[in-house]
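Structure at a glance
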Amino acid sequence: MKTAITEMFGIEHPIIQGGMHFVGFAEMAAAVSNAGGLGIITGLTQKTPEDLANEIAKCRDMTDKPFGVNITFLPTLNPPDYPAIVKAVIDGGVKVVETAGRNPQEVLPYLKDAGIKVIHKCTSVRHSLKAQDIGCDAVSVDGFECGGHPGEDDVPNMILLPRAADELDIPFVSSGGQADGRSLVASLAMGAQGMNMGTRFIATKEAPVHENVKQAIVAASELDTRLVMRPLRNTERVLTNEAVERLLEKEKALGADLKFEDIINEVAGVYPRIMMDGDMDAGAWSCGMVAGLIYDIPTCKELIDRIMAEADQIINERLAGFMKGTVDA
Ligand SMILES: Cc1cc2nc3c(=O)[nH]c(=O)nc-3n(C[C@H](O)[C@H](O)[C@H](O)COP(=O)(O)O)c2cc1C
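The structure displayed is predicted, hence computed values, not measured ones.

Another point: the side chain of asparagine 241. Looking at the secondary structure, you find asparagine 241 in the loop between β10 (236–239) and α11 (242–254). Here the side chain of asparagine 241 touches alanine 243 through a polar contact of 3.0 Å, landing on its backbone nitrogen. A polar contact of 2.9 Å, which involves the side chain of asparagine 241, links it to the backbone oxygen of glycine 283. Non-local contacts of asparagine 241, meaning those with residues more than four positions away in its chain, are made with Met280, Asp281, Gly283 and Trp285.

Take the packing of aromatic side chains next. As enumerated under the stated definition, the model contains two aromatic pairs in all. Taking the centre distance of 4.8 Å and the plane angle of 40° together, the rings of phenylalanine 73 and tyrosine 82 count as tilted. You'll find phenylalanine 73 and tyrosine 82 in the same group, each marked buried. A cation sits over an aromatic face here: arginine 237 above phenylalanine 144, 4.9 Å from the ring centre.

Counting 42 residues, the largest nonpolar core has Phe201, Val213, Ile217, Ile274, Met275 and Trp285 as the members making the most contacts within it. When residues of this core are traced back to their parent elements, those giving at least two are α2 (26–34), α8 (181–189), β8 (195–197), α9 (199–202), α10 (211–219), α13 (271–276) and α14 (300–323). It is α14 that provides the largest number of residues to this core, a total of seven residues. Excluding anything up to four places from it in sequence, tryptophan 285 contacts Val213, Ala216, Ile217, Glu236, Arg237, Val238, Leu239, Asn241, Tyr271, Ile274, Met275 and Met280.

Around the ligand, the surrounding shell holds 23 residues, and the nearest of these are Gly19, Lys121, Gly177, Gly198 and Thr199. Contacts to the ligand include threonine 72, whose side-chain N or O atom sits 2.9 Å from a nitrogen atom. Elements with a contribution of two residues or more to the shell around the ligand: β3 (67–72), β8 and α9. Among the residues making up the shell around the ligand, the classes are represented as seven nonpolar, 14 polar and two charged.

Let us look at the pattern of salt bridges. Scanning the entire structure with this criterion turns up 17 salt bridges. With a shortest N-O distance of 2.8 Å, arginine 182 and aspartate 180 are connected by a salt bridge. Under the relative-accessibility criterion, arginine 182 is labelled exposed at 51%. In this structure, the salt-bridge partner of aspartate 279 is arginine 273, at a minimum N-O distance of 3.7 Å. Classification of aspartate 279 as partly exposed rests on a relative accessible area of 33%. In the salt-bridge network here, residues are joined through shared partners; they are Glu152, Asp154 and Arg230.

Pairing within the open sheet is parallel, and its eight strands lie in the order β1-β8-β7-β6-β5-β4-β3-β2. Strands with a single pairing partner mark the edges of an open sheet, and in this sheet they are β1 (15–17) and β2 (39–42). The average angle at which neighbouring strand axes cross in this sheet is 30°, direction not considered. Pairing between strand β4 (residues 96–100) and strand β5 (residues 117–122): four bridges, direction parallel. The residue of β5 that forms the bridge with glutamate 98 is isoleucine 119.

Criteria and cut-off values
Residues numbered from 1 in each chain as written. Predicted model: local features only at pLDDT ≥ 70, side-chain atom pairs only at ≥ 80, totals over all residues. Heavy atoms only, no water. Helix = DSSP H or I, 4+ residues; strand = E, 2+ residues; numbered from the N terminus. Polar contact = N/O pair within 3.5 Å; in protein donor to acceptor, adjacent residues only side chain to side chain. Contact = heavy atoms within 4.5 Å. Phe/Tyr/Trp six-rings, centres within 6.5 Å; stacked < 30°, edge-to-face > 60°. Buried < 20%, exposed > 50% of the residue type's maximum accessible area, 1.4 Å probe, protein only. Lys NZ or Arg CZ within 6 Å of the ring centre and 35° of its normal. Core = buried A, V, L, I, M, F, W, Y, C linked by side-chain atoms within 4.5 Å. Near = heavy atom within 4 Å. Nonpolar A, V, L, I, M, F, W, Y, C, P; charged D, E, K, R; others polar. Salt bridge = Lys/Arg side-chain N within 4 Å of Asp/Glu carboxyl O. Pairing = 2+ DSSP bridges. Axes fitted to C-alpha atoms, helices over the stretch in contact; angles between N-to-C directions.

Below you can see the structure in the form of structure tokens.
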């Protein structure tokens, strides 16, 4: 399958692994890229820009295929050293950057000058148009179903993707709720040129996280995620657990008076404890509603090959059959 996204990023299949905190290490990105998708290292998971440079070098040793780096702009008082992060990416010869969090205007000229393609992840049509206006090459359109930060508009992908298609000139991929060949074909039908997956890629053999995390995703249904931090306008979709339910009780009790400090124990610094140690009640961690569609833990290659085979079957048999008047059960 060839789309504007496969051509732009030099990849075999139009499937991207979104940046994920404490998941997007070199092992994850290389496994996805070796399977013909676009793997992405999560820049901010590395403690320093030097560590990021080493992680990029490690990934290059593990794959000769293109891979990217995610740079997330956090709403924080002590921002990471973004210029040094950008330098590590450029010096590391990375050809694709996924930006997220807020618009990447201040780093864009450096990335563009280095010949890097930039795909910006956004949760609304207006932010997608802004990304297009400032010169991003592509957009990842992240619907309300997504794991992580869905924004505050709550528009699911069934509406958001065709709306993006109606407004955008640059190519975009669907993001949020994508799991299988059905997701890919539906995304393409709604105007996307590929899809981005987060949660689905955590439940793979190569994902460098504790087995408990993978099992939790397989065990979860589409009813098991919760939205936290809405009162702070920093909404995050997470998998429910003891800490998350405790956090929600605090949100309910404190209402508009809620401050970040009130929930710091449930959200700050919990990722290593969950992803590395498998302490599944340590705090709130991002997970999409798509957990309900995840039943197994394949290798990245098995997953991507299966998605492409399913997409082929749906397009060339199921849908083509309907057009020929064949009624499918
Ligand atoms: C555990 C986890 C951590 C994530 N961390 C980040 C991050 O650091 N930066 C970012 O831009 N997106 C992050 N995301 C969002 C993903 O890149 C992707 O947009 C999202 O997972 C898509 O929704 P899905 O989970 O339904 O596939 C994270 C998602 C998950 C599940």
